[in-house]
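The residues making up each chain are set out below.
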Amino acid sequence: MKSIEETIKGRRSVRKYKPDPVKDETILDLLELATYAPSAGLAFGKEHPWSFVVIKDKVMLNRLSDVAKAYTLKFIENVPAFDWFRPSCQDPHYHLYYHAPALVMILGEKGSPISLIDCVLAAENFMLAAHAQGLGTCWVEWTKQAAQDKALMAELGIPEGLVIHASIVLGYPDEIPAAPERRPPHVIKWAR
Amino acid sequence: MGKGLLAIAFGLTFLSWAPFLYGEKQKTKPAAGKEGPDKDWRIRIISSSHQDIAWMNSPEACIAYRDTHCITPALEIMARDPGYCFVMENMLNLMEYIERHPDRREDIHRFTREGRLEWGATFNQPYESLLSGEQLIRGAYFGRKWLKRNFPGCDARIYFNPDVPGRALQMQQILSKAGIPYMVISRYHKGFYRWLSPDGSSVVAYSPGHYTNASAILGAPPSEGAGLLNAELTSWEGYYRDHRIPFEFPLLHSVDFSRPTDFGPLIDLWNGGRTSKGPGRGSTLNYSSAARFFEALTEAGPNLDRITGERPNLWLYIHGPTHHWAVSAQREAGRLLPAAEIFNSIAYLLEKNPERYPSRKMEDAWRAAIYPDHGWGGKEGQITDRLFRKKLEFARGQGREMLDQALSRIAGRIDKPSLKGFPIVVFNSLSWRRSDPVAVTIPWSQRRCQVRDSRGKIVPSQVHPPLPGQEEERMARLQFIAQDVPGLGYKTYYLTKDGAATSHPAPPARAAGFYENTFYQVEFAPGGLRRIYDKELKADLLDTGKFLGFEIFTLRSIGNGAGEFGRVQQPTVDHFDSLSRHKTSWEHDPLGSGPLQAVFRLRKKLENGTIEQKIIISNKIKRIDCEVAILDWDGAPYREFRIALPVNAPGGRVAYEVPMGIVEVGRDEIPGTGGPAYGNLNYDELCSEIRPREVQNFLSAWGTDFGLTLSTSVAVNDYRDPAPDPVPHPILQPVLLASRRSCHGEGNWYLQEGDHHYRFSLTSHDPGWINGYRLGIQANCPLFPVAGAPTGDDADLPEEKSFFEVSAAGALISTVKKCEDDDSIIVRVYEIEGKDAELVLTPFFPLGKAELVSMIEEEAKAIPCRSDGLTMRLGHHAIETLKLWPRRDVPKGHTPGGEK
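Residues numbered from 1 in each chain as written. Chains lettered and ligands numbered in written order. Predicted model: local features only at pLDDT ≥ 70, side-chain atom pairs only at ≥ 80, totals over all residues. Heavy atoms only, no water.

Enquirer: I would appreciate a short explanation of the overall build of chain A in the present structure.
Expert: On a plain count of helices and strands, chain A comes out with seven helices and four strands. The linear arrangement of helices and strands in chain A, starting from the amino end, is α-α-α-β-α-α-β-α-β-α-β. Against the 2.2 N^0.38 benchmark of 16 Å for 192 residues, chain A shows a C-alpha radius of gyration of 17 Å, consistent with a compact globule. Counting only C-alpha atoms, chain A reaches 50 × 40 × 40 Å along its principal axes. Burial status across chain A gives 41% buried among its 192 residues. Of the contacts made within chain A by residues no fewer than 6 positions apart, 82% connect residues no fewer than 24 positions apart. As displayed, chain A offers around 11100 Å² of accessible surface, 59% of which is attributable to carbon and sulfur atoms. With 22 positive and 23 negative side-chain charges, chain A shows a spacing of 6 Å between the two charge centroids. (Helix = DSSP H or I, 4+ residues; strand = E, 2+ residues; numbered from the N terminus. Rg over C-alpha atoms; globule rule 2.2 N^0.38 Å. Buried < 20%, exposed > 50% of the residue type's maximum accessible area, 1.4 Å probe, protein only. Contact = heavy atoms within 4.5 Å. Areas by Shrake-Rupley, 256 points an atom, 1.4 Å probe, with all protein chains shown as cover. Lys, Arg positive; Asp, Glu negative; His and termini not counted. Charge placed at Lys NZ, Arg CZ, Asp CG, Glu CD.)

Enquirer: What exactly am I supposed to notice about the overall build of chain B here?
Expert: Looking only at helices and strands, chain B features 14 helices and 51 strands. With respect to the principal axes defined by its C-alpha atoms, chain B has extents near 100 × 70 × 50 Å. Put simply, chain B has 900 residues, and 65% of those count as buried. At a minimum sequence separation of 6, the contacts of chain B that also span at least 24 residues come to 75%. A total accessible area of about 31500 Å² is found for chain B, and carbon and sulfur atoms account for 49% of it. Here chain B contributes 108 positive and 111 negative side-chain charges, whose respective centroids are spaced 1 Å apart.

Enquirer: So what exactly am I meant to see when it comes to the interface of chain B and chain A here?
Expert: Opposite the eight residues of chain B that make contact, chain A presents eight residues. Between chain B and chain A the total buried area reaches about 770 Å² when both faces are included, carbon and sulfur atoms providing 45% of it. Per-residue buried area on chain B facing chain A is highest for B:Glu60, B:Gln382 and B:Arg386; these three make up 58% of the total on that side. Here B:Arg386 makes a salt bridge to A:Glu32, at a shortest N to O gap of 2.5 Å. At the boundary of chain B and chain A, one finds six residue pairs in polar contact (both at pLDDT 80 or more). Taken together, the residues that form the side of chain B that touches chain A break down as one nonpolar, one polar and six charged. (Buried area = accessible area lost by both parts, 1.4 Å probe. Salt bridge = Lys/Arg side-chain N within 4 Å of Asp/Glu carboxyl O. Polar contact = N/O pair within 3.5 Å; in protein donor to acceptor, adjacent residues only side chain to side chain. Nonpolar A, V, L, I, M, F, W, Y, C, P; charged D, E, K, R; others polar.)

Enquirer: Sorry if this is basic, but what is going on with the packing of aromatic side chains here?
Expert: Ring pairs (aromatic) are described by centroid distance and by the angle formed between their planes. Residue and element names in this part refer to chain B. Applying the stated criterion across every chain yields a total of 51 aromatic pairs over all chains. Ring geometry for Tyr65 versus Phe257: centroids 5.8 Å apart, planes at 50°, classification tilted. Here Tyr65 is found in helix α2 (residues 59–80), whereas its partner Phe257 is found in the loop between β8 (248–253) and α9 (264–272), with 192 residues between them in sequence. For the pair Tyr65 and Phe257, one class covers both residues: buried. An angle of 50° between the planes, with centres 5.8 Å apart, marks the rings of Phe427 and Tyr490 as tilted. Residue Phe427 is located in strand β11 (residues 422–428), and its partner Tyr490 is located in strand β17 (residues 489–496); the two are separated by 63 residues in the primary sequence. Of the aromatic side chains, those joined through ring pairs into one cluster are Trp41, Tyr182, Phe192, Tyr206, Trp236, Tyr239, Tyr240, Phe247, Phe249, Phe293 and Phe294. Positioned above the aromatic ring of Tyr141, the side-chain terminus of Arg138 is 5.1 Å from the ring centre. When the ring centre of Tyr683 is taken as reference, the NZ or CZ atom of Arg311 above it lies at 5.3 Å. (Phe/Tyr/Trp six-rings, centres within 6.5 Å; stacked < 30°, edge-to-face > 60°. Lys NZ or Arg CZ within 6 Å of the ring centre and 35° of its normal.)

Enquirer: Can you help me understand the domain arrangement of chain B in this one?
Expert: As a measure of interface size, the accessible area lost when the parts come together is often cited. All names here are of chain B. Annotation of chain B at the domain level lists domain 1 (39–308), domain 2 (422–500) and domain 3 (803–900). Counting residues at the interface gives six residues for domain 2, matched by seven residues for domain 3. Of the roughly 490 Å² buried at the junction of domain 2 and domain 3 (both faces included), carbon and sulfur atoms supply 64%. Contact with domain 3 buries area across many residues of domain 2, yet Ser431, Trp432 and Leu488 alone supply 76% of it, more than any other trio. The interface formed by domain 2 and domain 3 contains zero salt bridges. Across the side of domain 2 that touches domain 3, the residue classes break down as three nonpolar, three polar and no charged. (Domains from an automatic or database assignment.)

Enquirer: Got a minute to help me understand unusual backbone geometry in this structure?
Expert: Trans peptide bonds make up the majority, and among non-glycine residues the majority have a negative phi. All names here are of chain B. Residue Pro692 is reached from Arg691 by a cis peptide bond, and omega for that bond is 0°. Position of Pro692 among the secondary structure elements: in the loop between β33 (681–683) and β34 (693–694). Of note, the phi angle at Lys352 is positive, near 55°, even though the residue is not glycine. Since its relative accessible area comes to 54%, Lys352 is described here as exposed.

Enquirer: Even after reading the chapter, I still don't get the nonpolar core, so can you show me in this structure?
Expert: As a rule of thumb, nonpolar side chains are buried together in soluble globular proteins. All names here are of chain B. In terms of nonpolar packing, the biggest core is built from 201 residues, with Phe192, Trp195, Leu251, Phe427, Phe804 and Leu884 touching the most fellow members. Residue contributions to this core peak at 15 residues, all from helix α11 (residues 324–351). Contacts of Phe192, omitting those with residues within four sequence positions, involve Ala205, Tyr206, Trp236, Tyr239, Tyr240, Ile245, Pro250, Phe293, Leu297, Leu304 and Asp305. By size, the runner-up hydrophobic cluster in this structure holds 52 residues, among which are Phe519, Ala636, Val658 and Leu699. (Core = buried A, V, L, I, M, F, W, Y, C linked by side-chain atoms within 4.5 Å.)

Enquirer: Would you explain the sheet that holds strand β47 (residues 837–843) of chain B in this entry?
Expert: For sheets, the rule is that strands pair by backbone hydrogen bonds, running either parallel or antiparallel. All names here are of chain B. Pairing is antiparallel in the open sheet, where three strands are placed in the order β44-β47-β50. Of all strands in the sheet, those with a lone pairing partner are β44 (804–806) and β50 (870–874), marking the two edges. Taken pair by pair, the neighbouring strands of this sheet meet at an average axis angle of 25°, ignoring direction. Here β44 runs beside β47; their pairing, made up of three bridges, is antiparallel. In the strand pairing of β47, Phe804 is matched with Pro843. (Pairing = 2+ DSSP bridges. Axes fitted to C-alpha atoms, helices over the stretch in contact; angles between N-to-C directions.)

Enquirer: Help me understand the side chain of B:Ser215, please; the structure alone is not making it clear to me.
Expert: When you line up the elements, B:Ser215 lands in helix α7 (residues 215–218). A distance of 2.9 Å separates the side chain of B:Ser215 from the backbone oxygen of B:Thr212, its partner in a polar contact.

Enquirer: Honestly, the pairing of strand β48 (residues 847–853) of chain B in this entry has me stumped. Any pointers?
Expert: In summary, the side chains of a regular strand alternate between the two faces of the sheet. All names here are of chain B. Among the seven residues that make up β48, six are buried, leaving the element largely enclosed by the rest of the structure. The pairing of β48 with strand β49 (residues 861–863) spans three bridges and is classified as antiparallel. By the bridge assignment for β49, Leu852 is matched with Lys861.

Enquirer: When you look at the sheet that holds β8(B) in this model, what are you seeing that I'm missing?
Expert: All names here are of chain B. Spatial ordering of the open sheet is given by β8-β1-β9, a layout of three strands whose pairing is parallel. In this open sheet, the two strands that pair with only one neighbour each are β8 and β9 (284–287). The sheet shows a mean angle of 25° between the axes of neighbouring strands, taken without regard to direction. With respect to the sheet, helix α8 (residues 222–242) is in contact with β1 (42–47), β8 and β9, its orientation differing from that of β8 by roughly 130°.

Enquirer: Just checking my understanding: could you explain the state of the cysteines for this structure?
Expert: In protein chemistry, a disulfide is the covalent bond that joins the sulfur atoms of two cysteines. Counted by the stated rule, this structure contains zero disulfides over all chains. Sulfur of B:Cys781: no disulfide; nearest cysteine sulfur belongs to B:Cys626 and is 19 Å away. (Disulfide = S-S within 2.5 Å.)

Enquirer: Is there a simple way to explain the environment of B:Arg396 in this structure?
Expert: Residues and elements named next belong to chain B. With respect to the helices, strands and loops of the structure, Arg396 is situated in helix α13 (residues 381–412). For the pair Arg396 and Glu60, spaced 336 residues apart in the sequence, the C-alpha separation amounts to 23 Å. Discounting residues that sit within four places of it in the chain, Arg396 has contacts with Ser328, Ala329, Glu332, Ala333 and Leu336.

Enquirer: Would you explain the packing of α11(B) against helix α12 (residues 359–369) of chain B in this entry?
Expert: A pair of packed helices is characterised by two quantities: the angle between their axes and the separation of those axes. Residue and element names in this part refer to chain B. In the contact formed by α11 and α12, the axes pass within 10 Å of each other and the chain directions differ by 160°. Between α11 and α12, the angle is such that the two are roughly antiparallel. Judged by the twist between their axes, the crossing of α11 over α12 is left-handed. Contacts from Gln330, Ala333, Leu337, Pro338, Ala340, Glu341 and Asn344 of α11 reach α12 at Met362, Ala365, Trp366 and Ala369. Of the residues assigned to the contact of α11 with α12, the class counts are eight nonpolar, two polar and one charged. (Parallel < 35°, antiparallel > 145°, perpendicular 65-115°, else oblique. Left-handed = near helix turned anticlockwise from the far one by under 90°.)

Enquirer: Where do I start with the environment of B:Leu708 in this structure?
Expert: Residue and element names in this part refer to chain B. Tracing the chain through its elements places Leu708 in strand β36 (residues 707–712). Assessed through its relative accessible area of 0%, Leu708 is described here as buried. Considering only alpha carbons, one finds Leu708 and Val647, 61 residues apart in sequence, at a separation of 7.6 Å. Not counting chain neighbours up to four residues away, the residues in contact with Leu708 comprise Leu541, Leu645, Val647, Leu699, Ser700, Ala701, Leu732, Leu762, Thr763, Ser764 and His765.

And the structure:
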């Protein structure tokens, strides 16, 4: 088993995947580990601070990718800072989920900052646990744009009141990118 | 789990039935033209809801649904309608609800005490014969006993298991002796029954044919429903009269996950006819609990049809073959947890410290060991199945851990003179003296040591290479035969370095494809064993004309395991394959072979995986083991693997172990068929013909010359040739694996890709299962060695001891445990041979008082005892629970019961 340091330092955002499917059992193991993340919601007695949607259906992944790209294009019309992403969204061959065999969404309460933090912490657990098992992940923020398609969200069983806080593709890496150099921690002040 | 039909019904429940939900009352119209019943029926609507743990959706979604759509609405209805009653079938439902709604405890307590809110008396609804006897009994601990303890003044007296078309031989005795006198079943002929276990204890059972059948009446508009009810009552009238049953009629309203429903309009319509000329005509229709119905039914002493026997479960492909890893964990937990209880109880008694008994941990482990119900798979079944498996693996892990801890503590109290060598204490969790192989891991440096017993006699031993992964740790595995280890006790051995010459006899004869030792001549063939000759009995054990001994074969296996079918979905010989069709050869394994055993291996890659097989022929005990691995199984859909043992006994008889009993095929099943359920669904096969079967530890087959017993590591086993033109002799066949799919429209596949491991043991004996059952059980229940335990300062135990001795041959102890309610000791014993016996039980502690208690440790009745034990009659097939008070623990004011 990898050490915690090896796991953290070795995790990469993977953008090229093998077509091999990920077993349900494996995904369920990862989801269980995600729920061991720190959680204010749990401390306050919430039964489910997180909810999950798992998509392995290729047709649905393609559709979600197309819908998210379309809404993203609209979004970046007014946000020039994201112009760099426009060509990708306009490219019909560009797949938002890199043809990964699975996508996992972590859902939380709409409008709750605590819920957002809970979900993001769970997402980090999920990604680290996946890496520890030889799987690759990549956080795909643009999925949230697809939430504007209410019919699609309903089809995915996402009820009103829950929002996508994290969207992570999952699969066996076909290519693992090099790690960008990390600078030493930037400590502004160390009060003693 | 109403299977395919009810996946649809679930949707319909909330569509077509929506107008009938509480608060949206049915429109009342008189039943024009319908004639009322001739008798003064008292009709009781038992408003219930069939609840799998999941199946309809993921477990979490179902828990939430039960809360918001079933229990909470039922509480609301009960608060405003004092006549309303509602039944939830499982105690687990209450546990889940209270966890979510601690604030509703008072309401629940009140309604339950009033008898209007009713909970099933068992934890859940299992496949009965899949569970061990102790696991079945724990269903009542986490059922009725849990309710009585957590909700004082409340009781649960009815076992609900209406979905599973299978009944265990001894279930009625367990229920009856746990204070649960009634049972609601279905998928069986409509009727009321006195359902007995072979000891004579019984429960009263009700089967509506199928549990959803009354929905036709209750789901119809009231006027139509009244007409249908009239017709139904008329159809029952003769049956009631013939059986002298009082005119009490149950209308069980139960559909998968059905909501509490207001039948007020139908009730008003019907009862309005009491004084006028309405459809009821003097009959009454009201809500009722199931308990009140059964009490009214039995009060007049009706003459009910009597049924005894096992109803072989039709839904067995859904567990063992399609969930091999999970069910293996459940079976192992079923053996480890009683062992852990037994030795933790002994440790506690030795240390005189009840605080060290791991009560909480034990409770959690037992609850996990029985958590899965009959609803494997279903919608989001991958989540349900994983949860079930995790629970069972947790139970198994806890069992191992608690057992190891207890054994170490006891081993530390044994006086083991250090001069005698490195100690190995061998523990026996079964209640009879036995000789079996033991393997321990020892430092590599000690691999040339001798094993000696406490008197210094050298015991034959054999050193194996380290296990994979332990090579670098310089460890070796030492195997020896522990002879005559006392029942529920231990025996101490020593490793010595005295260099005394090992006097191993010359190795038995081995030639190409042939092996012979004291017991057997074994002939190998490509893919299996051509011949096993028992030298003692002078008998050829196998008929290998069609299948070889321990031959693996594969079949097409289309089906779902559990669903709306009247007969087990049998595999077919499409794409049949077997190892004998391939060029496979057995290789002698020189590293695994030695004075204790000879090992032969085979490996063959097939289309969807690789088969590895190991035959281990023991030279010191009469036993041949077969280990099988299916490696890298790719999960091809609808395939099945079996292993064959063709027994050379044409027309031979077959028996197998069920929870706390034995079923002989063709003799011990319930008579007749399961009968019509609904529509075209008819369980039309004679119960005696149903196969394969759920088996605990072993199957036996015998003819006139010999008997053969096979210990099996799998839950589902067949005994008849599955191929066309079946041979007349039994073919014992563990079903290793089947890749089927849930019957739910959105259900998961049960593919089980990966590695699977199995183990089987064969022994032969005189004809009759009775001559092989102990070997059949013990091959699945290994001896537990503790190596190198230090001798503590307080070590006062001898080198060999039995903690509980039992005299009667057929009396087996299933557990020894600390009492749930005080510090006394519970001993559960059952009679397996079918003979009345005089039981002499001798515990290792001075006995102050002994009581006979119910299966859930209540209703104590003092029985005579002596300081050194007790003698009592143990009826044939009886399961008895004894409560023993060590002399020091007899509470003040208690007179030791009947002490001589």
